[in-house]
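This is what each chain is made of:
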Amino acid sequence: MNEIEQAENKDDWLGQVYNASILKTELPRLNAIVYFHVSKTESIDTQSHSFYDIVVDYRIPGFTNVYKNLISDPYFIGGEEV
């Protein structure tokens, strides 16, 4: 998966998690969302294989502005741009 495809997948996921209209109705007591904006090395074990030193990039893509636009909703108090 290339960088553009990864960004599109992350942006879709962020759109689901940071959907203010859904959060207001379905999770009215929600007070915070924590997102670990990191790239790190992990080991992954499956039933048949083990993979070591896999770089996993959890960072929010900055070049698409999706996160910035989502947290601009007044529902999100104190949202910080990354």
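The structure we're discussing is the one just above.
None of the values given here were measured: they were computed from a predicted structure. (Residues numbered from 1 in each chain as written. Predicted model: local features only at pLDDT ≥ 70, side-chain atom pairs only at ≥ 80, totals over all residues. Heavy atoms only, no water.)

(A) Broad picture of a nonpolar patch on the surface. The grouping of Val34, Phe36, Val38 and Tyr58 at the surface amounts to a nonpolar patch, some 410 Å² of accessible area in total. Along the chain, Phe36 turns up in the loop between helix H2 (20-26) and strand E1 (39-45). (Patch = residues over 30% accessible without salt bridge, like charges linked within 9 Å, V, L, I, M, F, W, Y side chains within 5 Å. Areas by Shrake-Rupley, 256 points an atom, 1.4 Å probe, with all protein chains shown as cover. Salt bridge = Lys/Arg side-chain N within 4 Å of Asp/Glu carboxyl O. Helix = DSSP H or I, 4+ residues; strand = E, 2+ residues; numbered from the N terminus.)

(B) Layout of the pattern of salt bridges. Under the definition given, this model contains 3 salt bridges. Linking Lys10 and Asp57 is a salt bridge whose minimum nitrogen-to-oxygen distance equals 3.9 Å. Here Asp57 lies in strand E2 (residues 50-57) and Lys10 lies in helix H1 (residues 3-17), a separation of 47 residues in the sequence. What makes Lys10 buried here is its relative accessible area of 19%. Classification of Asp57 as partly exposed rests on a relative accessible area of 27%. (Buried < 20%, exposed > 50% of the residue type's maximum accessible area, 1.4 Å probe, protein only.)

(C) A look at unusual backbone geometry. Backbone geometry at Asp53 places phi at a positive 55°, although glycine is not the residue there. The topology assignment puts Asp53 in strand E2. One non-glycine residue, Asn65, lies in positive phi territory at about 65°. Position of Asn65 among the secondary structure elements: in the loop between E2 and helix H3 (66-71).

(D) Spatial organisation of the nonpolar core. Counting residues in each nonpolar core, the largest one holds 9 residues, listed as Leu14, Tyr18, Ala20, Leu23, Ile60, Tyr67, Leu70, Ile71 and Phe76. Taken together, the elements giving at least two residues each to this core come down to H2 and H3. By residue number, the principal contributor to this core is H3, which donates 3 residues. Apart from the residues within four sequence positions on either side, Ala20 is in contact with Asp73, Tyr75 and Phe76. (Core = buried A, V, L, I, M, F, W, Y, C linked by side-chain atoms within 4.5 Å. Contact = heavy atoms within 4.5 Å.)

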